[in-house]
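# Results of the structural survey
This is what each chain is made of:
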Amino acid sequence: MAIVLCQGAAQDYANGYRSLRVLADALAREGYPVLRFDYPGTGDSRDEYGEHLWRAWRQSVKDAGNWLRRTVGAECLILMGVRIGAGLAAVEAARRDDIAGLVLFEPFFHARSFVLQLVTESRLRKRMPANGNTPDDAGGLQVGELNFSTPDVVEMRNTDFTRLAFGKAMPTAVFSRIDRERISDRLEPWCRQGIKLTAYPFEDFEALLRPNQHSGEAEIDPAALLDWMNREIPHGMGQARISSLPRSLKSEHWEEKIVRFGSHSHLVGMLCAPKAGSALAVIICNSGGNPRHGFARSGVTLARGLADAGITSFRFDFSGLGDSIHLENAIDTQSDVFRQERTGDLSAAVDALKALGIRRFAIHGLCSGAFHAVQAAYVDSRIEALITINLPWFSLRHEAPGAGSSAQKSIVEFKKRKMRALFMFGSGDAGLNQFERNFGQAGHDLAEEPGMHVLVSEDIDHELTEPWMQAIAIRETIRFLEDRMSERADNLARHEVLSI
Amino acid sequence: MTIRDTILSMMQDIAQRQKKTLAPLTDTLELLDSGLDSLCIALLVAGLDDELGLDPLSSAEEDRFPVTVGDFIKLYENANA
C-alpha cells in the first residue's frame, strides 16, 4: 500500500507545503511510501501542460497514482488531499478500483467555490493600489501563477464533488472545521454508495492552512489519522520495492536537479542549470515562510528565466521552511522567518555549489529573503553580487541612520570587496522608506558609489504577485548579472563553466 | 443562525485562523478596512458558497462589488431570500 498526497493550490499550497512534508514524513515512519507532487504549472513541475490546466491537474493525480504503484510495487493506494487537492483526490478515487482509503482535509464540496475564491482574490487585488497594469483576462482565469482556460473554468464551475459516482466504495475520513452533522449531510450521496464516512475536527491539522510566516505554533498531529487508518484500512503493506528514482527534470533549455546538503543533509534545494552551462550561480532565498518556489511561484519563474539567459541558479529552503529540516529539542519545527539566523544555511549553499564545480556566486532575495541575502553577503566573501527586492531593513534592531548603522556598514563592506549590489523596490513599498532614511530619495546617495545600483519601479508590488511584475524583476536581474559577468569575462578560464 | 450571524461568525473565524486583527465590525465599515486582506475575503466568499450554496458575487458587476460589511451582508441576505 502507498499514499498519494494531493496538495492545495495557490496560497493553500504555499501555506501547507511544509506541514504536508511533515505529514508525509510521519506516514513514512509508519511504513507507508508517500508521494507528494506538484501539479503541472505549479511548484517545481514543468509548465508544458497543453491548453487546459484543470484537466492537466486531474490527469496528474492519475499519473501520480500509477507511477507510485509501479515504482514501489504497491497493490493499492490511499489518496489524501488538502482543499482543492481533496476534490482532485476524490475525483480520482471515484474512477479507480485500487483505492483502499480516501482522506480529505478541509475539502471544497464544489470546485465552483475554489474558482470563486480565486476570482474574488483576483478582483480585490486589482482594486487595491499599486497593482500596475492589468492583463486582459477575458475568458479564462489568471491568478498569480495559475492560468485556467475558459473550458477549465466551465468544468470547475460544474464539478460538484458531492455528486461523484464511485465505482467502488472505500473508507473515507474527512478532517474539517465544519461540524460532523453537516459533513454527513453534504456527503450523504457518498454514503448511499457505500462509502464509510468518518468525520473529524480539523484542529490537529490547522498547520496545513495556517499562514506560513507564523512560527512557534503547534505542528500537525497525525494521531487521529493514524488511528483511523489502522482501524479502517487493512494492513499487510509488505515491503516497498523502490526502483530507481528519476534524478532530474529536463526542459529544452535547462535541467533541474534536487540537491540535499548541509551538515546533516537537512537542507534541500533545486539546482537549475542551462544546457550550455554557466560560470556563475545565483542562490535564491525563501521569501517569508513560502517554500523555495516563492509567492506566486516567483522563485521558479526567476530560476528558469535565468536559465533561459544562460545563468545557473539554486533555489533552496532555509532550515525549518519548505522541505528543509530544523530541529528544536529533536522536534521538526518551523523556523522564524526573520529571527532565525540564515548565514549558516547560505554558506552551506555556497559550499554545496562549490562541490558541484561552481566558482562564482550571487545571491538573490525578496523581502525577508533580501534581508538574509544582505546578511550572508556581508559575512561570506565568496559572494560577489547581491540582488534584493523590497528589502525591508538592514537590521532587526531599530537603528538611527548614519555611519554606524548596519545599512552604512553593509555598503562599506560591499565596496571594499568590489561587490556589485542591486536594490530593487516597488515605489509604494515600506522597505523603500527605510532605505531612503539611509541613502536619500530613491537611494540617491548611492548613485556615485561604484557597483551599487538602486531601481524603483511603479509596476511591482511587495510580493511580485502578478506575472508581469515577476517579468520586470527577472529582466532587471538578468541585465544586472550580465553586466557583472561581462566585467569579469576577461578573468574567467573556460573550465569554470558548469555543466550538469 | 441568520445569514448576518453566519457571515460575522465566519469573518471572526477567518481572522483568527489567518492571524489578522479584526476591526470592530459595523455595517459602515469598509471591507478592506476590516483587517481582512484579499485572501481572507476570498476565503469568506468561497466558504459561504461551499457551505450555504450562495454565490451572489458572480452576478455582481465589477463596480458593484460590496464596499462595506453592511453591503456584503445585504447582498447575501438578498440572495438567500
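Residues numbered from 1 in each chain as written. Chains lettered and ligands numbered in written order. Predicted model: local features only at pLDDT ≥ 70, side-chain atom pairs only at ≥ 80, totals over all residues. Heavy atoms only, no water.

As a further point, take the overall build of chain B. Broken down by element type, chain B carries three helices and zero strands. Secondary structure elements of chain B, listed N to C terminal, follow the sequence α-α-α. The C-alpha atoms of chain B give a radius of gyration of 12 Å, which matches the 12 Å a tight globule of 81 residues would have. Considered along the principal axes of its C-alpha atoms, chain B spans approximately 30 × 25 × 20 Å. A fraction of 58% describes how many contacts in chain B between residues 6 or more apart in sequence connect residues 24 or more apart. Of the accessible surface of chain B, which amounts to about 3900 Å², a share of 46% is contributed by carbon and sulfur atoms. Measuring between centres, the 6 positive side-chain charges of chain B sit 5 Å from its 15 negative side-chain charges. (Helix = DSSP H or I, 4+ residues; strand = E, 2+ residues; numbered from the N terminus. Rg over C-alpha atoms; globule rule 2.2 N^0.38 Å. Contact = heavy atoms within 4.5 Å. Areas by Shrake-Rupley, 256 points an atom, 1.4 Å probe, with all protein chains shown as cover. Lys, Arg positive; Asp, Glu negative; His and termini not counted. Charge placed at Lys NZ, Arg CZ, Asp CG, Glu CD.)

Looking now at the packing of helix H2 (residues 53–72) of chain A against helix H3 (residues 84–95) of chain A. Residues and elements named next belong to chain A. Running from amino to carboxyl end, H2 crosses H3 at an angle of 60°, the nearest separation of the two axes being 9 Å. Accordingly, the angle class assigned to the pair H2 and H3 is oblique. By crossing handedness, the relation of H2 to H3 is classed as right-handed. For the pair H2 and H3, contact is made by Trp-54, Trp-57, Arg-58, Val-61 and Lys-62 and by Ile-84, Leu-88, Val-91, Glu-92 and Arg-95, respectively. Taken together, the residues that form the contact of H2 with H3 break down as six nonpolar, no polar and four charged. (Axes fitted to C-alpha atoms, helices over the stretch in contact; angles between N-to-C directions. Parallel < 35°, antiparallel > 145°, perpendicular 65-115°, else oblique. Left-handed = near helix turned anticlockwise from the far one by under 90°. Nonpolar A, V, L, I, M, F, W, Y, C, P; charged D, E, K, R; others polar.)

This paragraph deals with the confidence of the model for chain B. All names here are of chain B. Across chain B, pLDDT averages 89, with 93% of residues at or above 70. When pLDDT is averaged over each helix and strand of chain B, the minimum, 90, is found for helix H2 (residues 38–52) and the maximum, 94, for helix H1 (residues 3–17). Interface scoring of the predicted complex returns ipTM 0.89; its pTM is 0.92. (pLDDT = per-residue confidence, 0-100.)

For the rest of this paragraph, the subject is the environment of Thr-150 of chain A. Residues and elements named next belong to chain A. Take Thr-150: it is sitting in helix H5 (residues 150–157). Owing to a relative accessible area of 37%, Thr-150 belongs among the partly exposed residues under this scheme. Sequence separation between Thr-150 and His-52 is 98 residues; the distance between their C-alpha atoms is 8.5 Å. (Buried < 20%, exposed > 50% of the residue type's maximum accessible area, 1.4 Å probe, protein only.)

Turning next to the nonpolar core. Residues and elements named next belong to chain A. By size, the foremost hydrophobic cluster in this structure holds 71 residues, and its most contacted members are Phe-261, Ile-363, Leu-386, Phe-423 and Leu-481. The greatest single-element share of this core, amounting to seven residues, is contributed by helix H14 (residues 467–488). If we ignore the near neighbours within four places in the chain, the residues touching Leu-481 are Leu-280, Val-282, Leu-306, Ile-311, Ala-362, Ala-385 and Ile-387. Residues Ala-2, Leu-68, Phe-109 and Ala-111 belong to the second largest nonpolar core, which totals 53 residues. (Core = buried A, V, L, I, M, F, W, Y, C linked by side-chain atoms within 4.5 Å.)

Now for helix H1 (residues 11–29) of chain A. Residues and elements named next belong to chain A. Helix length check: H1, at 19 residues, gives a terminal C-alpha distance of 28 Å against a target of 27 Å (1.5 Å per residue), a fit within 8%. Along H1, the sharpest kink reaches roughly 50°, centred on Tyr-17. H1 sits mainly inside the fold: 16 of its 19 residues count as buried. Where H1 ends, the next residue or the one after it, Gly-31, has phi of about 105°, a positive value. (Expected span 1.5 Å × (residues − 1). Bend = angle between axes of the 7 residues up to and from the residue.)

So, about the interface of chain B and chain A. Contacts between the two partners involve 24 residues from chain B and, on the opposite side, 28 residues from chain A. Both sides together, the interface formed by chain B and chain A hides about 2400 Å², and carbon and sulfur atoms give 54% of it. Looking only at chain B, the three residues that lose the most surface to chain A are Lys-19, Asp-50 and Phe-65 of chain B, adding up to 25% of its buried area. Two residues, Lys-19 of chain B and Glu-217 of chain A, come together in a salt bridge whose shortest N-O distance is 3.2 Å. Applying the counting criterion to the chain B and chain A interface returns nine residue pairs in polar contact (both at pLDDT 80 or more). It is H2 of chain B that contributes the most residues to the side of chain B that touches chain A, 11 residues altogether. (Buried area = accessible area lost by both parts, 1.4 Å probe. Salt bridge = Lys/Arg side-chain N within 4 Å of Asp/Glu carboxyl O. Polar contact = N/O pair within 3.5 Å; in protein donor to acceptor, adjacent residues only side chain to side chain.)

All right, on to the sheet that holds strand E9 (residues 248–250) of chain A then. All names here are of chain A. Across the sheet, nine strands lie side by side as E9-E10-E11-E13-E12-E16-E17-E18-E19; this open sheet has mixed pairing. Both outer strands of the open sheet, E9 and strand E19 (452–457), are each paired with one neighbouring strand and no more. Between one strand axis and the next, the sheet turns by 20° as a mean value, whatever way the strands run. Sheet analysis places E9 next to strand E10 (residues 254–261), joined by three bridges and oriented antiparallel. By the bridge assignment for E10, Leu-249 is matched with Glu-256. (Pairing = 2+ DSSP bridges.)

What follows concerns helix H13 (residues 430–439) of chain A. Residue and element names in this part refer to chain A. Buried residues of H13: Gly-431, Leu-432, Phe-435, Asn-438 and Phe-439, and no others. Summarising the axial view, the buried residues of H13 lie within an arc of 120°, below the 170-degree limit, and thus occupy one face. Tucked inside the fold, the buried residues of H13 contact helix H12 (406–416), strand E18 (420–426) and E19. Its side-chain oxygen at 2.9 Å from the backbone nitrogen of Gly-431, Asp-429 defines the N-terminal cap of H13. After H13 finishes, the residue Gly-440 shows a positive phi value of roughly 80°. (Arc of directions from axis to C-beta.)

Residues and elements named next belong to chain A. Of all eight residues in strand E11 (residues 267–274), eight are buried; the element is thus mostly enclosed. Here E11 shows a buried face lined by Leu-267, Gly-269, Leu-271 and Ala-273 and a second buried face lined by Val-268, Met-270, Cys-272 and Pro-274. Looking at chain direction, E10 and E11 are connected through eight bridges and run antiparallel. Paired with Glu-256 across the strands is Cys-272, a residue of E11. Here five bridges tie E11 to strand E13 (residues 312–317), and the two strands are oriented antiparallel to one another. Looking at the pairing, Met-270 lines up with Arg-315 of E13.

Before going further, it helps to spend a moment on the packing of aromatic side chains. All names here are of chain A. Tallied over the entire structure, the rule returns 25 aromatic pairs over all chains. With a centroid separation of 4.8 Å and 10° between ring planes, the pair formed by Phe-175 and Tyr-200 is classed as stacked. Within this pair, whereas Phe-175 is found in strand E7 (residues 171–176), its partner Tyr-200 is found in strand E8 (residues 196–201), the two being separated by 25 residues in sequence. The class of Phe-175 is buried, set by a relative accessible area of 1%. (Phe/Tyr/Trp six-rings, centres within 6.5 Å; stacked < 30°, edge-to-face > 60°.)

Glancing now at the sheet that holds strand E4 (residues 99–105) of chain A. Residue and element names in this part refer to chain A. Read across the open sheet, the six strands follow the order E2-E1-E3-E4-E7-E8; overall the sheet is parallel. Where the open sheet ends on each side, the last strands, each with one partner, are strand E2 (34–37) and E8. Here the strands of the sheet are splayed against their neighbours by 15° on average, with no regard to which way each runs. Lying on the sheet, H1 is in contact with strand E1 (2–6), E2, strand E3 (77–82) and E4; it crosses E2 at an angle near 165°. Contacts from helix H8 (residues 223–232) reach E1, E3, E4, E7 and E8 within the one sheet, and its direction differs from that of E7 by about 165°.

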